[in-house]
Amino acid sequence: MPEIENGIMQQEVQEFITAVTESIQTKTLHRLTISGKKQKSEPLQKVIIKLVQLKNGEKLSFVYRYKTQDITKNFDIEEGISTILALFDTFANAVLFTPTRDLEIRFAKKRIILKSQKPTFTSAPTLSHNKKKKRYIDTKGNVYLTELGVLAANGQVKANMHDKYRQINKFIEIFDSLLEDTQLPKNLTVADMGSGKGYLTFAMYDYLNQHEEYTPEVVGVEFREGLVATCNAIAKKSNFEQLQFVQGMIETADINAVNILIALHACDTATDEALYKGINANANLIVVAPCCHKQIRKAFHVDHEFSSFLKHGILEERQAELITDAIRALILEAYGYKTKVFEFISSEHTAKNVMITAQKTQDITTPNPEILEKITSIKKFYGIKEHHLEKLMGLV
């Protein structure tokens, strides 16, 4: 084990484990995150550890995060500490989150680095194991949902707005899980590119504003001046002081520094413009829901034996969607983002149901050449000269 030298635990590891043990004893352990796998072939991506209260006493709950699933195991405290030490064989980084500080240990090639930083979470942790189902967006006294026409005067969701309300809550549920897995500063800056009527912009601000760990500043960028004026009036009526809407286009919006960038249903290459803004701003988290994939569909030039499956319009359209979003995800990964592409709400509620999420995991300025080579191979197969996001990033 890397933390043992001549039978003696190295000082930095001892200090870290002592801090973990003390946080357990004092019930100040928010969570312990172990990551940074040492071998690329290792299927386990990360381990998240929390202290929980079960019927048979306090346990350490380990969430083993793989690419396609999470596996949870509960350990007695002593066994849990031993398991943490064993994980240092596989991972090179661990961060202990408590209300007083974040303590990070990192196993470099020749030394162990122990660093204490300001706390990410300042509130007291909860030991509840079975979380109550969250109501992410409450309807009671909700001014903005009433003003936006989602709720009737009696506070009930209108008959024709149930799908919209469901979509809003599903987005916030996803957003909540992303926040748990992304290290973000307390003073968050968020940009919603192409905010439209602001359904999700308002909901996101509302959720963050009620979240003890964050002080959000949210801006919605929208081209239609009338919608901007309406949304600003609703924000004022809702007493959302750090939420504002500005008139402008995604490609010309001044987004220099932002922690979270979202763009939901930005049409065709407008999604690429938003992704370009997010990557250049070094955003910690990017969330987009693309639509109208026209650019790649027009660029298809397949003259080999697989051209037959593009002769039907519907199949060509769907293939264009897949290729467009696959290349978007790869470009994000090339710039140090961990990506997921998934259906975020059933197609029975909306046809525009694919979401791409990207969490910044590496600070790199030069894109990964191996990933760029994969993109080149995909383009060659489909006879595509360039993807719009490639062009914006200066890769072609």
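Our structure's up above, just so we're on the same page.
Criteria and cut-off values
Residues numbered from 1 in each chain as written. Predicted model: local features only at pLDDT ≥ 70, side-chain atom pairs only at ≥ 80, totals over all residues. Heavy atoms only, no water. Helix = DSSP H or I, 4+ residues; strand = E, 2+ residues; numbered from the N terminus. Rg over C-alpha atoms; globule rule 2.2 N^0.38 Å. Buried < 20%, exposed > 50% of the residue type's maximum accessible area, 1.4 Å probe, protein only. Contact = heavy atoms within 4.5 Å. Areas by Shrake-Rupley, 256 points an atom, 1.4 Å probe, with all protein chains shown as cover. Lys, Arg positive; Asp, Glu negative; His and termini not counted. Charge placed at Lys NZ, Arg CZ, Asp CG, Glu CD. Polar contact = N/O pair within 3.5 Å; in protein donor to acceptor, adjacent residues only side chain to side chain. Core = buried A, V, L, I, M, F, W, Y, C linked by side-chain atoms within 4.5 Å. Pairing = 2+ DSSP bridges. Axes fitted to C-alpha atoms, helices over the stretch in contact; angles between N-to-C directions. Patch = residues over 30% accessible without salt bridge, like charges linked within 9 Å, V, L, I, M, F, W, Y side chains within 5 Å. Salt bridge = Lys/Arg side-chain N within 4 Å of Asp/Glu carboxyl O. Parallel < 35°, antiparallel > 145°, perpendicular 65-115°, else oblique. Nonpolar A, V, L, I, M, F, W, Y, C, P; charged D, E, K, R; others polar. Expected span 1.5 Å × (residues − 1). Arc of directions from axis to C-beta.

Re the overall build of the protein chain
Alright, step 1. Each helix and strand counted, the protein chain has 11 helices and 16 strands in total.
Alright, step 2. Compactness check: the protein chain gives a C-alpha radius of gyration of 23 Å against a globular reference of 21 Å for 396 residues, within 12% of the reference.
Alright, step 3. Over its C-alpha atoms, taken along the principal directions, the protein chain stretches across nearly 65 × 60 × 35 Å.
Alright, step 4. A buried classification covers 49% of the 396 residues belonging to the protein chain.
Alright, step 5. For the protein chain, the proportion of contacts with a sequence separation of at least 24, taken over those separated by at least 6, is 65%.
Alright, step 6. Carbon and sulfur atoms form 49% of the exposed surface of the protein chain, whose accessible area is close to 20,700 Å².
Alright, step 7. Taken as two groups, the 50 positive and 48 negative side-chain charges of the protein chain have centres that lie 2 Å from each other.

Thoughts on the environment of Y136
Alright, step 1. Structurally, the position occupied by Y136 is in the loop between β9 (112–117) and α3 (143–147).
Alright, step 2. With relative accessibility at 18%, the residue Y136 sits in the buried group.
Alright, step 3. Linking Y136 and Q39, residues 97 residues apart in sequence, is a C-alpha distance of 38 Å.
Alright, step 4. Setting aside residues no more than four positions away along its own chain, Y136 makes contact with N169, I172, E173, D176 and Y207.

Concerning the side chain of D268
Alright, step 1. Mapped onto the secondary structure, D268 falls in the loop between β13 (260–267) and α7 (270–280).
Alright, step 2. At a separation of 2.9 Å, a polar atom in the side chain of D268 contacts the main-chain amide nitrogen of K294.

Section: the nonpolar core
Alright, step 1. Counting residues in each nonpolar core, the largest one holds 45 residues, and the members touching the most others are Y144, F171, F202, M204 and I260.
Alright, step 2. Setting aside residues no more than four positions away along its own chain, Y144 makes contact with I137, F202, A203, D206, I234, S238 and F240.
Alright, step 3. Within the second largest apolar cluster, 40 residues are counted, among which are A281, V302, A320 and A334.

Things to note about the sheet that holds strand β15 (residues 337–343)
Alright, step 1. On the basis of which strands lie adjacent, the open sheet formed by seven strands has the order β12-β11-β10-β13-β14-β16-β15 and mixed pairing. Of all the strands in the sheet, just β12 (243–247) and β15 have a single pairing partner and so form its edges. Between one strand axis and the next, the sheet turns by 15° as a mean value, whatever way the strands run.
Alright, step 2. Taken together, the seven bridges between strand β10 (residues 187–193) and strand β11 (residues 215–222) define a ladder with parallel strand orientation. From the neighbouring strand, D192 faces β11, where its bridge partner is G220.
Alright, step 3. Seen against the sheet, helix α4 (residues 162–180) touches β13, β14 (285–291), β15 and β16 (354–360) and runs at an angle of roughly 145° to β13.
Alright, step 4. Strand contacts of helix α5 (residues 199–209): β10, β11, β12 and β13, with the helix running at about 175° to β11, the strand carrying the most contacts.

Remarks on a nonpolar patch on the surface
Alright, step 1. A cluster of nonpolar residues, F306, F309 and F381, forms a patch on the protein surface that exposes about 240 Å² of accessible area.
Alright, step 2. Mapped onto the secondary structure, F309 falls in the loop between α8 (294–299) and α9 (313–334).

Section: the sheet that holds β9
Alright, step 1. An order of β6-β5-β4-β3-β7-β8-β9 is seen for the seven strands of this open sheet, with the pairing classed as antiparallel. Each having just a single partner strand, β6 (70–75) and β9 make up the two edges of the open sheet. The mean angle between the axes of side-by-side strands here comes to 15°, regardless of whether they run parallel or antiparallel.
Alright, step 2. For strand β7 (residues 91–97) and strand β8 (residues 102–107), the ladder comprises five bridges, and the chain directions are antiparallel.

What to know about the pattern of salt bridges
Alright, step 1. This structure, assessed with the given rule, holds 13 salt bridges.
Alright, step 2. Several salt bridges share partner residues, and in doing so they unite K46, R65 and D181 into one network.

Focus: the packing of α7 against α9
Describing two packed helices takes the angle between their axes plus the distance from one axis to the other.
Alright, step 1. Running from amino to carboxyl end, α7 crosses α9 at an angle of 10°, the nearest separation of the two axes being 11 Å. With respect to their mutual orientation, α7 and α9 come out roughly parallel. The segment α7 lies against α9, with T271, D272, L275 and I279 engaging R328, I331 and L332.
Alright, step 2. Taken together, the residues that form the contact of α7 with α9 break down as four nonpolar, one polar and two charged.

Observations regarding helix α6 (residues 225–237)
Alright, step 1. Under the 1.5 Å per step criterion, the end-to-end length of α6 is 19 Å for 13 residues, consistent within 8% with the ideal 18 Å.
Alright, step 2. Those residues of α6 not exposed but buried are V228, C231, I234 and A235. Buried residues along α6 cover an arc of 130° about the axis, so they all sit on one side. Of the exposed residues in α6, those oriented more than 90 degrees away from the buried face are E225, K236 and K237.

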